[in-house]
Each structure stands twice: as structure tokens, then as C-alpha cells.
Amino acid sequence: MWQTLVHYSNHFVVILLIAWIYSPKQLWKAYLILLSTMIVDIDHLWAVPVFDPDRCSIGFHTFHSEIAVVIYCLGVFLFKNKWLKLFCIGLLFHMITDGIDCLWSGI
């Protein structure tokens with residue numbers, strides 16, 4: 001129960017804090033951009049089975065791979081547009097959240 005609460009709090013509540021820190025004057029725009037990074041989970045749809053509680057997303061799914069994480073990191077530093085940069089920050093935080101889930105599960 002706690003693992004699920006922490007996981008979804010990170011995906012929905014903590015990103016609100018990140019949005020506020022990143023752009024307090026445009027909080028809701030920043031929050032929506034961070035929410036939109038959950039599109040990265042589309043890669044779960046081509047996994048067999050789609051959901052496996054004993055599988056760690058990090059390193060398994062295409063957009064959760066080590067190469068993808070490197071690309072997200074590069075985006076934070078290379079993009080000049082603050083919203084693209086925030087999108088990459090959101091993707092990285094998504095990976096951190098999923099990584100915490102993997103550690104918590106002992107996978």
C-alpha cells in the first residue's frame with residue numbers, strides 16, 4: 001500500500017512542487033507539461049505481458065532504457081527552450097520514480 005501511495009504521489013503531487021519551483025508564475029502550464037511526461041509509459045503497451053508486478057520498468061521498456069535516460073539528461077542541458085527542458089526534467093523524474101519503485105520491490 002505505501003509503495004503505491006509513494007509512487008502515485010511522486011507522479012501527481014511531487015511534480016506539482018517541481019512545477020512551482022521551476023516556474024511559479026506559470027505553475028499550471030509547468031504542471032501540465034510535467035503530467036504530459038507520463039506519455040513515456042506508452043512503451044508498456046508493447047511489453048508482454050503489459051503489466052508484470054515483478055518487472056522493473058527501468059532498463060526493460062524502450063523509453064525507460066539507459067540510452068533513453070542519457071537522452072533525457074542531454075535534453076536538460078542542451079535545450080534552450082525552458083519548456084522542452086522542463087519536459088526532460090519531468091522524464092528524468094519519472095525514471096527516478098520508477099527506479100524507486102524497483103528498489104522498493106527489490107527487483
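Described below are features of the structure shown in this document. Everything numeric here is computed off the predicted structure, so don't read it as measured data. (Residues numbered from 1 in each chain as written. Predicted model: local features only at pLDDT ≥ 70, side-chain atom pairs only at ≥ 80, totals over all residues. Heavy atoms only, no water.)

1. A few points about the state of the cysteines
What makes a disulfide is a covalent bond joining the sulfur atoms belonging to two cysteines.
Part 1 of the reasoning: Per the counting criterion, the structure on display carries 1 disulfide.
Part 2 of the reasoning: Cys 56 shares a disulfide with Cys 102; S-S distance 1.9 Å. Of note, the bridge from Cys 56 to Cys 102 carries an S-S torsion of about 95 degrees and is right-handed in sense. With Cys 56 in the loop between α2 (27-36) and α3 (66-78) and Cys 102 in helix α4 (residues 82-105), the pair connects residues that are 46 residues apart, well separated along the chain. (Disulfide = S-S within 2.5 Å. Helix = DSSP H or I, 4+ residues; strand = E, 2+ residues; numbered from the N terminus.)

2. Digging into the nonpolar core
Part 1 of the reasoning: Ile 15, Ile 18, Ala 19, Leu 27, Ala 30, Tyr 31, Ile 33, Leu 34, Trp 83, Leu 86 and Phe 93 together form the largest nonpolar core, which totals 11 residues.
Part 2 of the reasoning: Counting residues per element, this core draws most heavily on α2, which supplies 5 residues.
Part 3 of the reasoning: Setting aside its immediate chain neighbours within four residues, Trp 83 contacts Ser 23, Gln 26, Lys 29, Ala 30 and Ile 33.
Part 4 of the reasoning: Formed by 8 residues, the second largest nonpolar core is a distinct cluster that contains Ala 68, Cys 88, Leu 91 and Met 95. (Core = buried A, V, L, I, M, F, W, Y, C linked by side-chain atoms within 4.5 Å. Buried < 20%, exposed > 50% of the residue type's maximum accessible area, 1.4 Å probe, protein only. Contact = heavy atoms within 4.5 Å.)

3. Describing helix α1 (residues 2-22)
Part 1 of the reasoning: End to end, α1 covers 28 Å across 21 residues, agreeing with the expected 30 Å (1.5 Å per residue, within 8%).
Part 2 of the reasoning: Considering bend angle alone, the principal kink of α1 is centred on Asn 10 and spans about 50 degrees.
Part 3 of the reasoning: For α1, the complete set of buried residues consists of His 7, Asn 10, His 11, Ile 15, Ile 18 and Ala 19.
Part 4 of the reasoning: Contact partners of the buried residues in α1: α2 and α4. (Expected span 1.5 Å × (residues − 1). Bend = angle between axes of the 7 residues up to and from the residue.)

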